[in-house]
Amino acid sequence: VINNFSKNYPTITRIIEVGRSIQGRPIIGIEITDNFNIDKPVISFNGMHHARELMTVEMNLGIIEALTTQFTQGDAEVRGFLRDFKIVIIPQVNPDGSQIVFERDSFWIGIL
């Protein structure tokens with residue numbers, strides 16, 4: 001899903017890998033700004049720290065959608081945010097926990 005935003009809004013988004021999980025899965029994020037060539041203060045949003053925090057992923061995807069579409073529609077406030085800041089959104093910082101919840105145990109609490 002996150003790659004679609006990058007494809008649809010290539011001038012203001014960039015996919016990043018911020019690291020790898022304990023089990024080696026990539027932790028993927030997206031940078032959103034109006035100019036990648038300028039150093040700016042960073043505002044960061046991230047979600048799914050714990051395996052069962054499924055809605056935090058959706059909240060972060062909603063932020064990405066709002067910023068990209070409203071920027072394109074000319075929203076002055078969003079354009080100001082992206083002029084002054086780089087927004088970094090990592091919807092899922094715990095891909096290992098997500099995998100366990102979806103594949104093995106929907107009530108998993110964190111013991112491998």
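Located above this text is the structure these notes cover.
Residues numbered from 1 in each chain as written. Predicted model: local features only at pLDDT ≥ 70, side-chain atom pairs only at ≥ 80, totals over all residues. Heavy atoms only, no water.

## Focus on the sheet that holds strand β4 (residues 86-90)
What the 4 strands build is an open sheet, ordered β1-β2-β4-β3; its pairing is mixed. On the outer flanks of this sheet lie β1 (13-20) and β3 (42-46), each paired with one strand and no other. Ignoring which end each strand starts from, the neighbouring axes of this sheet average 25° apart. Sheet topology places β3 next to β4; 5 bridges connect them, and they run parallel. Counterpart to Asn46 in the pairing with β4 is Ile90. Sheet strands in contact with helix α2 (residues 54-72) are β1, β2 (26-32), β3 and β4, and its direction is about 150° off that of β4. (Pairing = 2+ DSSP bridges. Helix = DSSP H or I, 4+ residues; strand = E, 2+ residues; numbered from the N terminus. Axes fitted to C-alpha atoms, helices over the stretch in contact; angles between N-to-C directions. Contact = heavy atoms within 4.5 Å.)

Any functional reading would require information beyond the geometric quantities listed.
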